[in-house]
Amino acid sequence: MLKLLEKYSNLLPVTSSTPLITLGEGFTPLIQARKIGEMLGVNLYLKYEGTNPTGSFKDRGMVMAIAKAIENGARSVICASTGNTSASAAAYAAAFDLRAIVVIPAGKIAMGKLAQAMIYGAKVVQINGNFDDCLKLVKKVSDDYPVVLVNSLNPNRIEGQKTASFEIVDVLGDSPDYHFLPVGNAGNITAYWLGYIQYQKEGKAKKLPKMMGFQAEGAAPIVRDHPVKHPETVATAIRIGNPASWKRAIAARDESKGFIGMVSDEEILKAQHLIALKEGIFCEPASAASVAGVIKMAKSGIFNGDETVVATLTGNGLKDPDVILREMDKISTIPNDISAFIKEVGF
Ligand code: AN7
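Keep in mind it's a predicted model, so treat the numbers as computed, not measured. (Residues numbered from 1 in each chain as written. Predicted model: local features only at pLDDT ≥ 70, side-chain atom pairs only at ≥ 80, totals over all residues. Heavy atoms only, no water.)

Q: Which parts of the structure should I look at to understand the site of the ligand?
A: Lining the immediate environment of the ligand, one finds 22 residues, of which Asn-84, Thr-85, Asn-185, Ala-186 and Thr-314 sit closest. Asn-185 has a polar backbone atom sitting 2.7 Å from an oxygen atom of the ligand. Between an oxygen atom of the ligand and a main-chain N or O atom of Asn-188, the distance comes to 2.8 Å. In isolation the ligand has 470 Å² of accessible area, and contact with the protein removes 98% of it. Those elements that place two or more of their residues in the shell around the ligand are helix H4 (84-95) and helix H9 (187-201). Counted by class, the shell around the ligand contains 10 nonpolar, 10 polar and 2 charged residues. (Near = heavy atom within 4 Å. Polar contact = N/O pair within 3.5 Å; in protein donor to acceptor, adjacent residues only side chain to side chain. Areas by Shrake-Rupley, 256 points an atom, 1.4 Å probe, with all protein chains shown as cover. Helix = DSSP H or I, 4+ residues; strand = E, 2+ residues; numbered from the N terminus. Nonpolar A, V, L, I, M, F, W, Y, C, P; charged D, E, K, R; others polar.)

See the structure below:
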């Protein structure tokens, strides 16, 4: 199997003593969004991270963080999470014989993600608080006890995640004009920007994209320019009020002449449905914030039509079916009878 850590080893903190572990992360598809692109008048591509082993982009960073933890003799790892980081940490820890402790906001992570952390055997602890409270706690614990923090404050996480930019340039032959991402703890926008810069320095890309980050309106500290004490959004993955990589996200925005904006829960869910209905891709709500951002920007008239735009779909929709299934009562149940059936489907 082609290994992410091997393919990009010269651009990652991989040494001769780094174990080249893999669960099959990375090498995700860059899918042309033909119909949405045409609707908006741009060449739109979706970097679909839902095909990673635990169904989100976190696996790119986790494989690097876990490899370095093993290299440095660690026995256990810890993270705070809105769900996906915990699923990823739990999987890699299970496969490569580390203990994983994951700390989550009680009742506020999607069921699929909770199931993942549980099946992989992590020690799951829920806190009566939000993600920001969880992060504060695990930071303190990892400072004081022999356990490696695998949140994106760990630089190896950012290093691993920047491989997504490499893959995009490898496919497109250059950086896109714009790159849209959802923003939560702001590690990923930081990572993508580092990746694009590094690839340009390597001579693999000529230009750099404008970095376009989108937060949920109820959890938009960067846009509002102050921490949000009680973040709230249907996109629980980005329900974060005080992002760890806040400054680096602003640097990415400003250095790239990009933008960080916000989208409402309604815009997020509309985009999530559109991506499924028009392009056949089921992403989770937080992921759709990127495309909701593209739609918002297209409406504001920033595109002239010949730009290449990439939006990252950060996670698989199967992780969080709850909001979709709220409409389950719209599904018709009929008698087991052919004529009732023909009438129902409208032949
Ligand atoms: C699907 O799992 O923070 O801006 O603890 O799961 O790099 O934080 C998840 C974040 C976007 C935001 N999309 O990325 C966690 C966590 C999905 C996510 C983000 C997350 P960052």
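So, next bit.
Q: What is the right way to read unusual backbone geometry from this model?
A: Trans peptide bonds make up most of the peptide bonds, and negative phi angles are found at most residues other than glycine. In this structure, Phe-27 takes a positive phi of about 50 degrees despite not being glycine. Residue position: Phe-27 is located in the loop between helix H1 (4-7) and strand S1 (30-32). In the Ramachandran plot, Ala-186 falls in the positive-phi region, its phi being about 75 degrees despite a non-glycine side chain. Tracing the backbone shows Ala-186 in the loop between strand S7 (178-182) and H9. When its relative accessible area of 3% is taken as the criterion, Ala-186 is described as buried. (Buried < 20%, exposed > 50% of the residue type's maximum accessible area, 1.4 Å probe, protein only.)

Q: Whenever I open this one, H9 confuses me. Can you help?
A: Taking 1.5 Å of rise per residue, 15 residues should cover 21 Å, and H9 covers 21 Å from first to last C-alpha, within 8% of that figure. Every buried residue of H9 is accounted for by Gly-187, Asn-188, Ile-189, Thr-190, Ala-191, Tyr-192, Trp-193, Gly-195, Tyr-196 and Tyr-199. Note on H9: the residue one or two positions beyond its end, Gly-203, has a positive phi of about 85 degrees. (Expected span 1.5 Å × (residues − 1).)

Q: Can you help me understand the sheet that holds strand S9 (residues 259-263) in this one?
A: Sheets are built from strands that pair by backbone hydrogen bonding, the pairs being arranged parallel or antiparallel. Pairing in this open sheet of 6 strands is mixed, and the strands run S1-S2-S10-S7-S8-S9 from one edge to the other. Each edge of the sheet is formed by a strand with only one pairing partner; in this case those strands are S1 and S9. Across this sheet, the average inter-strand angle for adjacent strands is 25 degrees, counted without regard to direction. Where strand S2 (residues 43-48) meets strand S10 (residues 308-313), 6 bridges bridge the pair, whose relative direction is parallel. From the neighbouring strand, Tyr-45 faces S10, where its bridge partner is Val-310. (Pairing = 2+ DSSP bridges. Axes fitted to C-alpha atoms, helices over the stretch in contact; angles between N-to-C directions.)

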